[in-house]
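Structural features, examined
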Amino acid sequence: MTKKARLLGLAAAAALAVSGPAMAQKQGGTLTVGLELDIPGFDPLKVGVFDTAAESAAALIFDTLTSLDDDGKAQPRLALSWSSSEDFKTWTFKLRPGVKFQDGTPFNAQAVVWNFNRQKDPKNNCRCAFYISFINSVEATDDLTVVYHLRDPSVNLPTLLTIQSSNNVIQSPSAIQAKGDDYNRNPVGTGPFIIKSWAAGDRMVLERNPNYWNKGHPYLDRVVLRPLPDSQSRFASLQSGEAQLVWADEYEADNIARARKDKNLKVLDYVGSGAAVYAFNTKVAPFDDVRVRQALVMALDRKKMSQALTNGLARPATNPYGDGSWVKCKDDGALPEDPAKARALLKEYGKPVEFKMLVTATPRGRAVGQVMQQLWKQVGAKMEIEQVDQATIVPRAFQRQFQLTPWRIVDLSDPDPQMYANFHTGSPVALANYSDPELDKLLEHARVTADPAKRTEDYCAISRLINKEALWFWTFQNTYYAMAKANVKGIPKMHSGVIDVSDAWLE
């Protein structure tokens, strides 16, 4: 990557990137997908952020400016090409001409700007605004050119715009204005499928968009999305043929093992970046003492935890990046698993170590809490499990009303947005309440450096510092799963856990 303004992707390459191989794909048919959650809607002002179920649906209804290929590189979608200023604070995108929203209105630069401004407007009080706070403004310089003016440099902005999130999908301004409150459940995008019916808690039926800009796509006539929160119900629906594809995770290891042995089924898995993590509040006792934090991390036996919770399927994590990231550290500074040293550190601390850990009030949350509770009890620390609703975790974390809280570093194509938010002094998401000029300097340098090798050096130094101070700890790497009938084809890697069936087909 040069430091001059760069132009990436030409229209000819763009046509190839979205058309895909034309050989064996079969047109027609209905695909039923079992998702883990019901979808509350698609208006960012109503729902704030999309979860992975909503993002899986959004991949059908909407498009983003760019998309990720299986190598994690940005490819053209609604944008054909892009370039950046030398300081990576200004990005210019040239848009695809002739695209229409499903209501017949034109997609253009003004629509991109309108979506951004609506989310960013303080009067709208959108929870989604936090995630675009690094963007100062978006400007339409003509109908097919948008310019992003960033507050902070971003060397990989095109890859960050690929996720089918509430911030990134482009929705029809005309439809939002015309439908008002009804828009949330009647969304309009430029995507390959259009919602035909939607019964809350039961199913969403989407049909092929006959006017989709990417000619010859999609292959399917219809997609049915069904919320099936119970893992056994999901698996039963797959076995019976009621669904042909279902969401899964490592906590249903038995079902995944059964699917692997069944010749009529297949398991799709994707090793993502990021990890399941926990943050210590370093401003409150006993976690204001580094020895206590280090002791609790050293007491964890992640392999035993994985065996107890997921039959060994979950992969232990020692840093925030994981095997799915391009950041590969020869030395990530991980503290050793050493219960004897943990006991010695707590003895040296010299006071009783008693604290509360937030867990979600679910069977899974309780199980994780109980396993950690036992491991810490063995080294002399007393942890009390505090069960709270999933929706309570985020506000409690932001308000620093915790001693130890669960969190997650999600699968993103670039570590910068989350690492900077999670660890830079003054960030609302810097949950550890910890400030270190050296850590700030590394985070600032990594986001303005284009060379991946130099950025890797920065991020590995960041990992060593966080691990040494035990500000957060990492339990398991992110791996995403789905199970499908053997004849379901064309599912790409599940980036960020999204099951994207927009280009799927049935053999």
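Rules used throughout
Residues numbered from 1 in each chain as written. Predicted model: local features only at pLDDT ≥ 70, side-chain atom pairs only at ≥ 80, totals over all residues. Heavy atoms only, no water. pLDDT = per-residue confidence, 0-100. Contact = heavy atoms within 4.5 Å. Core = buried A, V, L, I, M, F, W, Y, C linked by side-chain atoms within 4.5 Å. Buried < 20%, exposed > 50% of the residue type's maximum accessible area, 1.4 Å probe, protein only. Helix = DSSP H or I, 4+ residues; strand = E, 2+ residues; numbered from the N terminus. Pairing = 2+ DSSP bridges. Disulfide = S-S within 2.5 Å. Polar contact = N/O pair within 3.5 Å; in protein donor to acceptor, adjacent residues only side chain to side chain.

1. Observations concerning the confidence of the model for the chain
On average, residues of the chain score 93 in pLDDT, and 95% of them are at 70 or above. Note on residues 1–22: pLDDT under 50 across the span, and 39 contacts to partners over four residues away in sequence or across chains.

2. Focus on the nonpolar core
Counting residues in each nonpolar core, the largest one holds 71 residues, and the members touching the most others are Phe 42, Phe 93, Tyr 148, Leu 245 and Val 501. It is helix α3 (residues 52–61) that provides the largest number of residues to this core, a total of six residues. In this view, Val 501 contacts Leu 31, Val 33, Leu 60, Leu 220, Val 223, Leu 245 and Ile 491; residues no more than four positions away in its chain are not counted. Among the nonpolar cores identified, the runner-up in size contains 34 residues, and Ala 299, Ala 314, Ala 342 and Ala 470 belong to it.

3. Details of the pairing of strand β8 (residues 193–199)
Here six bridges tie β8 to strand β9 (residues 203–208), and the two strands are oriented antiparallel to one another. Bridge pairing in β9 places Ile 194 opposite Glu 207. The turn linking β8 back onto β9 is made up of three residues, and Gly 201 within it adopts a positive phi angle of 80°.

4. Comments concerning the state of the cysteines
Scanning the model with the defined rule gives two disulfides in all. Each sulfur of the disulfide joining Cys 126 and Cys 128 lies 2.1 Å from the other. Because the torsion about its S-S bond is 125°, the bridge between Cys 126 and Cys 128 counts as right-handed. Owing to a relative accessible area of 8%, Cys 126 belongs among the buried residues under this scheme. If the cysteines joined by disulfides in the chain are listed in sequence order, their pairing comes out as 1-2, 3-4.

5. A closer look at the environment of Ile 132
Secondary-structure assignment places Ile 132 in the loop between α4 (109–120) and β6 (135–142). The spatial distance from the C-alpha of Ile 132 to the C-alpha of Trp 505 is 34 Å, given a sequence separation of 373 residues. Those residues in contact with Ile 132, other than ones at most four positions away along the chain, are Phe 116, Gln 119, Lys 120 and Asn 167.

6. A few points about the environment of Asn 124
Looking at the secondary structure, you find Asn 124 in the loop between α4 and β6. Spatially, the C-alpha atoms of Asn 124 and Leu 45 are 6.9 Å apart, while their sequence positions differ by 79 residues. Of the polar contacts made by the side chain of Asn 124, one reaches the backbone oxygen of Arg 118; its length is 2.8 Å.

7. Considerations on the environment of Trp 114
Along the chain, the position of Trp 114 falls in helix α4. Those residues in contact with Trp 114 that sit more than four places away from it in its chain are Pro 173, Ile 176 and Gln 177.

8. Observations regarding the side chain of Arg 118
Considering the arrangement of structural elements, one finds Arg 118 in helix α4. Residue Arg 118 is classed as buried on the basis of its relative accessible area of 15%. Not counting chain neighbours up to four residues away, the residues in contact with Arg 118 comprise Asp 43, Pro 44, Leu 45, Asn 124 and Ile 176.

9. Re the pairing of strand β11 (residues 245–248)
Where burial is concerned, the two faces of β11 agree: the one with Leu 245 and Trp 247 and the one with Val 246 and Ala 248 are both buried. Two strands pair when backbone bridges link them, and strand β1 (residues 30–35) and β11 are joined in this way by two bridges, in the parallel orientation. Considered in β11, the bridge of Gly 34 is made with Val 246.

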